[in-house]
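# Close look at the chain arrangement
Each chain is listed here by its residues.
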Amino acid sequence: MAKGEASSLPNLHYGLRRRTRFGVCHHEAVKVPSVRERALLARLVQELDAHAPVAPDPRDTARALGVPVQAVANVTGVGVREGELIEGRSGLVYPKISLDRLFAALPGPDLTVAEARDALGTTRRFADAVLEGLEAMGRLERRGGTCRLLDASAVPAPDDSAE
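What counts, and at which threshold
- Residues numbered from 1 in each chain as written.
- Predicted model: local features only at pLDDT ≥ 70, side-chain atom pairs only at ≥ 80, totals over all residues.
- Heavy atoms only, no water.
- Phe/Tyr/Trp six-rings, centres within 6.5 Å; stacked < 30°, edge-to-face > 60°.
- Lys NZ or Arg CZ within 6 Å of the ring centre and 35° of its normal.
- Helix = DSSP H or I, 4+ residues; strand = E, 2+ residues; numbered from the N terminus.
- Expected span 1.5 Å × (residues − 1).
- Buried < 20%, exposed > 50% of the residue type's maximum accessible area, 1.4 Å probe, protein only.
- Arc of directions from axis to C-beta.
- Core = buried A, V, L, I, M, F, W, Y, C linked by side-chain atoms within 4.5 Å.
- Contact = heavy atoms within 4.5 Å.
- Pairing = 2+ DSSP bridges.
- Axes fitted to C-alpha atoms, helices over the stretch in contact; angles between N-to-C directions.
- Salt bridge = Lys/Arg side-chain N within 4 Å of Asp/Glu carboxyl O.

A few words now on the packing of aromatic side chains. Applying the stated criterion across every chain yields a total of zero aromatic pairs. We note Arg-139 situated over the ring of Phe-103; from NZ or CZ to the ring centre the distance is 3.8 Å.

With 14 residues, helix α3 (residues 69-82) extends 20 Å between its outermost C-alpha atoms, agreeing within 8% with the 20 Å of an ideal straight helix rising 1.5 Å per residue. Residues of α3 that are buried include every one of Val-72, Val-75, Thr-76, Val-78 and Gly-79, and no others. Take α3 and look down its axis: the buried residues cluster within an arc of 165°, on one side only.

Right, let's talk about the nonpolar core for a bit. Core analysis: the biggest nonpolar cluster contains 22 residues, and Tyr-94, Leu-106, Val-130, Leu-131 and Leu-134 have the highest contact counts within it. Within the residue set of this core, elements represented by two or more residues are α4 (96-105), α5 (113-120), α6 (124-137) and β7 (146-149). With six residues, α6 is the largest single contributor of residues to this core. Apart from residues lying up to four places away in sequence, Val-130 is in contact with Pro-53, Tyr-94, Leu-99, Leu-102 and Leu-120.

Here three strands make up an open sheet; going across it, the order is β5-β7-β6 and the pairing antiparallel. In this open sheet, the two strands that pair with only one neighbour each are β5 (110-112) and β6 (140-143). On average, adjacent strands in this sheet sit at an angle of 30° to one another, irrespective of strand direction. Two elements, β5 and β7, share three bridges in a ladder whose sense is antiparallel. Across the sheet, the residue bridging to Thr-112 is Thr-146, located in β7. Helix-sheet contacts for α6 involve β6 and β7, and the interaxial angle to β6 is about 115°.

Applying the stated rule across the entire model yields 11 salt bridges. Asp-57 is the salt-bridge partner of Arg-59, the closest N and O atoms lying 3.2 Å from each other. One salt bridge in this structure joins Asp-110 and Arg-148, with 2.7 Å as the shortest N-O distance. Of the two residues, Asp-110 is situated in strand β5 and Arg-148 in strand β7; the sequence distance between them amounts to 38 residues. Salt bridges linked by common partners bring Arg-89, Asp-128, Glu-132, Glu-135 and Arg-142 together as one network.

Before going further, it helps to examine the pairing of β7. Where burial is concerned, the two faces of β7 differ: the one with Cys-147 and Leu-149 is buried and the one with Thr-146 and Arg-148 is not. When β6 meets β7, the two strands line up antiparallel, connected through four bridges. By the bridge assignment for β7, Glu-141 is matched with Arg-148. Remark: two residues form the turn of the hairpin made by β6 and β7, two consecutive strands paired antiparallel; Gly-144 in that turn has positive phi of roughly 65°.

As for its placement among the helices and strands, Thr-122 is situated in the loop between α5 and α6. Excluding anything up to four places from it in sequence, Thr-122 contacts Pro-53, Val-54, Arg-117 and Ala-127.

This part is about α5. Val-113, Ala-116 and Leu-120 are the residues of α5 that are buried. Viewed along the axis of α5, the buried residues span an arc of 60°, placing them on a single side of the element.

Put into structure tokens, the structure is as follows:
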């Protein structure tokens, strides 16, 4: 490319991620979030956390952040890839920190969606989305109509004296 000639390629930042599959190590290019995307992601996490357990409409979130809706959609994808945002099957997205806080508010080891709705003080739709997010994080297991809360600190360590 000649000096002063504009590039038609977008200015993207890429990194390499190492992935092992079937015992073979592969390197794949992944987009690394820019400083601007990271800053917007931090603001998005704060905005979503302020409204949890209700997930606001993306248009309202974009308006509150003063950015276009497409920017919120792009940064949401970055947040899900980076693990800061958790997306359930329903498509609603929650910050990981919000789900940790909501997990602490849930009663008992076994509960139904109705009990979660009452404990969180929200609608069934959002309570179910929170449970989906917790399931995606590995903090909850669904069995039929009930959910079992899993907490790593509550799991007893194996007893070595039983040998």
